[in-house]
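# Descriptive analysis of the structure
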Amino acid sequence: MSDFSSIFIWWLTILIVSLCVLPLTLNIFRKFIDRGYIFSKILGIFISSYLIWLFGSLHILPFTKISVILVLILLSIINFIFIGRINKQKNVTFPWKWAVLSEILFFASLWFWSFVRANEPSIRGLEKFMDYGFVNSILKSTFFPPLDMWLSKSPDYTGGHFINYYYFGHYYTAFLTKLSGISSNITYNLMLATLFAFTFTLSFSIGVNLFHFFLSFKELAYKIHSSQLITRNLKLILAGLLTAFLVALAGNLHTVYTFTTGYPNESPKPFWQLGFGFHPERYWYPNATRFIPNTIHEFPIYSFVVADLHGHVADIPFVLLTIALLLNLIVNTLTPQKQEKEKRVNQSSFISSIINDYADNNPIPLSQIILLGALVAVMYMTNAWDGLIYLVLIGLVFLYLCYKTRKPEDSVFAVIYKTGSASLFLLFFFLLVNFPFMINFRPFVSGIGVLCAPKFLLEKKLGPFLFETGKCQRSDLWMMGLLWGFFYYNAAGFLIFAVRPVLLSVKVSADKISGIFAKLSRFFKLRLALLTVLNPVDVFTLIIIFISTLLLIFPEFFYIKDIYPAHYRANTMFKLGYQAFMMLSLVSGYTVFRIRSDLASNRKTPLFIAYNALYILLFTLVAIYPYYAINSYYGKLNVYRGLDGISWMNDQFPDDYQGVLWLRQNVSCPEGAFKDCDNQPVIAEAVGESYTDYSRVSAYTGLPTIVGWPVHEWLWRGSYDEAGKRIPEVQTLYETENIEDAQAVINKYNVRYIFVGQLEAEKYPNLNSDKFSSLADVVFEQGQTKIFRVKANL
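Residues numbered from 1 in each chain as written. Predicted model: local features only at pLDDT ≥ 70, side-chain atom pairs only at ≥ 80, totals over all residues. Heavy atoms only, no water.

For the protein, an unreviewed UniProt entry supplies the name Chlor_Arch_YYY domain-containing protein and the organism Candidatus Gottesmanbacteria bacterium RBG_16_37_8.

In structure tokens form, the structure reads like this:
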């Protein structure tokens, strides 16, 4: 099959999934100018993949292609018969022009990044073995949770042999792989291209609708209407494209070092202390993500370039869907419309009375809470940090809506009560949807560390808080400025040119008290009044800026404890900063057009001219990052190698490569034969360090091995003990002359295949494969590579 055929089939597969929930999407986003058409793709994947995962976790339906098709048929029936009828009653129209534009952008983005990946498609290096191993293990799973391909079951270990990680992103990759019928060595790269396409097109839609709703609320407030539809739509498209570019492709201001003599890796110096000159050949793109010592601060384009299919990347579409749903919630709640009360529950019971009381008194529809709760739960299963972050964001949006829609007689406590009740329902559905995952998952976070703790608290623990000696890393302000300066320059422009004029026009009553308390009272009154009169889209923007700022501040005072001693706050800064980057990118695209919409008469003022000039400079710096990153990783896109992610192995380990292909083709069960067939027998292979070529057989086949990358197992299991104990046992299996010792290892771990290849010969210089003759049969042999199948009666 050609690469283009694979891309087309993959695109068609996603289109079919999206069509199954298109009526639901149009119903949810009926006020979006594009009716949220592009979100039908990720909404369809979210609903259908979760249902299959839930049925598989409960052992109701096996994870097979037939099961997936049945669920999609069921969703289609519900959507087109029931929801389609509701849409017809509400006169929900289909946005043909916006749909065509969105589909063109999606396919173009998918094709573009597929082409980029085809210039270096190798599933090798960094976290790729782990990510690909998870996908292959899930593909071989009948029910869930899936097996950990790097820690097989042992009678001596009770810590589990299932994947103890946030694997839903890998799962929905396997879901689409199974549905499409394309091999996983191709779909790994297609999934990366899909995530790039989702990031671009979903951000495009959010950018379009942010500016669209700003204009709509403005027209509503001032009772004006724009008659220049073509000009307006062009501005919306440009706003969407800018937003999409910033989220999917932009970097940070670190590229300023292109215009200096540079600095040694991991030893950054202020750019003003270096010699100036244009030296693009010296610029090393990963430094933009490792700038602050001992930390990580990645962003989407870097993730797409290095091509790890990790949870923070797989979760991007769910993140953008959540933000779109929150924007939709604000619009639906605050736009004048015919009152559509949610149907009351007729049964007279305690639960029904709670639901009915909520529906009568709370502006947040319960149906939206259910959807958001389920979505955040899936985000937690994909990248746990994101689930917690967006619970907070949703809670703040709830608080704003409850305040904005309050009645004259409502007190502050009434607003808090309404927000709390909505948040409790949200938390309930989050936990409910998440429950099947949580019962099989053991968190590997051991506490919240406090940076620069006072001496009297050192080496103590108060609840979840840890006060460890020597943990006092802080970020230099100038470094933070290079990483985040572009976004906060946009935020500052938004505050100065958009928010400040509204704030100056707000008048509040004077207090009878005087002094500092009067000033504080006036300050808070002004801010609360601002929430009332400010355009709701602007308030949403302020909420996002506020949350993003908290995410960036948090790692300067706290860190989430993991196994890394020197880089103890790296993961905290990484996961929080990643979300801050995306949210600030979204609002940066919006603010560019927002502030210019109110400055038509002031565009020639010196302040605005200076603001624009500096903006162009800063934008240029963040915009050139993908040029350096893509050209560096993908060899200037000069050599097209195709989308096969494991073909590199044929060049460097040709005999092992053929052995892996044999295992992929011959060690599998027909769909539906799970009762009488072991689809994941244990295979023995050499053990090596993490981030090396070791564990390539288990990763490329999904077959569990005795132990794979040991540091990863240390992270996932919370201890190195089990992995460390197994390493010498594997060595014994390969090097011992004693058949009984080898047989003991085989029996202990129920080994069914033994792989003897180039890396095994390198790792174990005393390798003795002759002994396997009495224990197993040779089922594959090419060059120095052999695969033994352990005899059934052993």
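Past the structure itself, the notes keep going.
## Some points on the pairing of strand β8 (residues 785-790)
Selection rule: Strands were regarded as paired on the criterion that DSSP finds at least two bridges between them. Note on conventions: DSSP H or I runs of at least 4 residues are helices, E runs of at least 2 residues are strands, and numbering of each starts at the N terminus.
Sheet topology note: the strand β6 (residues 751-756)/β8 ladder contains four bridges and is antiparallel. The residue bridging Phe755 from the neighbouring strand is Ile787, located in β8. Relative to β8, strand β7 (residues 776-782) runs antiparallel, the two sharing six bridges. Each bridged residue has a counterpart across the sheet, and for Gln782 the counterpart in β8 is Thr785. The loop that links β7 with its antiparallel partner β8 comprises two residues; one of these, Gly783, has a positive phi angle of about 60 degrees.

## Notes on the sheet that holds β8
Adjacent strands of a sheet pair through backbone hydrogen bonds, lying either parallel or antiparallel. Put simply, the rule is: Lines fitted to C-alpha atoms define the axes here, with helix axes fitted over just the stretch in contact, and angles between the N-to-C directions of these axes take values from 0 to 180 degrees.
Spatially, β5-β6-β8-β7 is the arrangement adopted by the four strands of the open sheet, whose pairing is mixed. Two strands bound the open sheet, and with one partner strand each, they are β5 (682-684) and β7. Pairwise comparison of adjacent strand axes, ignoring direction, gives a mean angle of 20 degrees for this sheet.

## Remarks on the state of the cysteines
Heads up, the condition is: Any two cysteine sulfur atoms lying within 2.5 Å of each other are counted as a disulfide. A simple rule labels every residue: compare its accessible area, found with a 1.4 Å probe on the protein chains alone, to the largest value its type can have, and call it buried under 20%, exposed over 50%, or partly exposed in between.
All chains considered together, the criterion is met by one disulfide. The side chain of Cys452 participates in a disulfide bridge whose partner is Cys472; the two sulfur atoms lie 1.7 Å from each other. The sign of the S-S torsion, about 100 degrees, decides the handedness of the disulfide formed by Cys452 and Cys472: right-handed. Here Cys452 is found in the loop between β1 (448-450) and β2 (460-462), whereas its partner Cys472 is found in the loop between β3 (465-467) and α17 (477-505), with 20 residues between them in sequence. With relative accessibility at 45%, the residue Cys472 sits in the partly exposed group.

## Structural notes on the packing of aromatic side chains
Given two aromatic rings, one states the distance between the centres and the angle between the planes to describe the pair. Under the convention used in this document: Only the six-membered ring of Trp is used, alongside the rings of Phe and Tyr, when aromatic pairs are assigned; centres must lie within 6.5 Å, and planes under 30 degrees apart are stacked while those over 60 apart are edge-to-face, with the rest tilted. Charge-over-ring contacts are defined here by two conditions on Lys NZ or Arg CZ: a distance within 6 Å of the ring centre and an angle within 35 degrees of the ring normal.
With the rule as written, the count across this model stands at 87 aromatic pairs. Ring plane angle 55 degrees and centroid distance 5.9 Å describe the contact between Phe211 and Phe593, whose orientation is recorded as tilted. Here Phe593 lies in helix α20 (residues 570-597) and Phe211 lies in helix α8 (residues 184-222), a separation of 382 residues in the sequence. The same class applies to Phe211 and to Phe593, which are both buried. Positioned above the aromatic ring of Tyr694, the side-chain terminus of Lys763 is 5.6 Å from the ring centre.

## Side note on the nonpolar core
Selection criterion: By convention a nonpolar core is built from buried Ala, Val, Leu, Ile, Met, Phe, Trp, Tyr and Cys residues, the set being connected through side-chain atoms within 4.5 Å. Whether two residues are in contact is decided by their heavy atoms, any of which lying within 4.5 Å being enough.
Core analysis: the biggest nonpolar cluster contains 270 residues, and Trp53, Tyr171, Ile369, Leu663, Tyr700 and Ile754 have the highest contact counts within it. The leading source of residues in this core is α8, at 21 residues. Aside from chain neighbours lying at most four places away, what touches Tyr171 is Ser49, Ile52, Trp53, Phe63, Ile138 and Phe144.

## Observations concerning the environment of Val687
When you line up the elements, Val687 lands in the loop between β5 and α25 (696-701). Between the C-alpha atom of Val687 and that of Gly708, which follows or precedes it by 21 residues, the distance is 6.0 Å. Those residues within four positions of Val687 in sequence are excluded, and the remaining contacts are Tyr694, Val707, Gly708, Ile727, Val730, Lys763 and Tyr764.

## Description of the side chain of Thr705
Among the structural elements, Thr705 can be located in the loop between α25 and α26 (710-717). The residues contacting Thr705, other than those within four sequence positions of it, are Met149, Trp150, Leu151, Ser152, Val682, Ile683, Ala684, Glu685 and Ser698.

## Some points on the packing of helix α19 (residues 536-553) against α20
Filter applied, for reference: Between 65 and 115 degrees an angle is taken as roughly perpendicular, under 35 as roughly parallel, over 145 as roughly antiparallel, and anywhere else as oblique. Whether a crossing is left-handed or right-handed is set by the direction in which the near helix is turned from the far one by less than a right angle, anticlockwise for left-handed and clockwise for right-handed. Think of it as three bins: nonpolar holds Ala, Val, Leu, Ile, Met, Phe, Trp, Tyr, Cys and Pro, charged holds Asp, Glu, Lys and Arg, and polar takes everything else, Gly as well.
It is at 9 Å that the axes of α19 and α20 come closest, and there the two elements cross at 150 degrees. Classed by the angle they form, the pair α19 and α20 counts as roughly antiparallel. Read as a crossing pair, α19 and α20 show a hand that is left-handed. Between α19 and α20, the residues in contact are Val537, Asp538, Thr541, Ile544, Ile545, Ile547, Ser548, Leu551 and Leu552 and Leu576, Gly577, Gln579, Ala580, Met583, Leu584, Val587, Tyr590, Thr591 and Arg594, respectively. In the contact of α19 with α20, the residues fall into 12 nonpolar, five polar and two charged.

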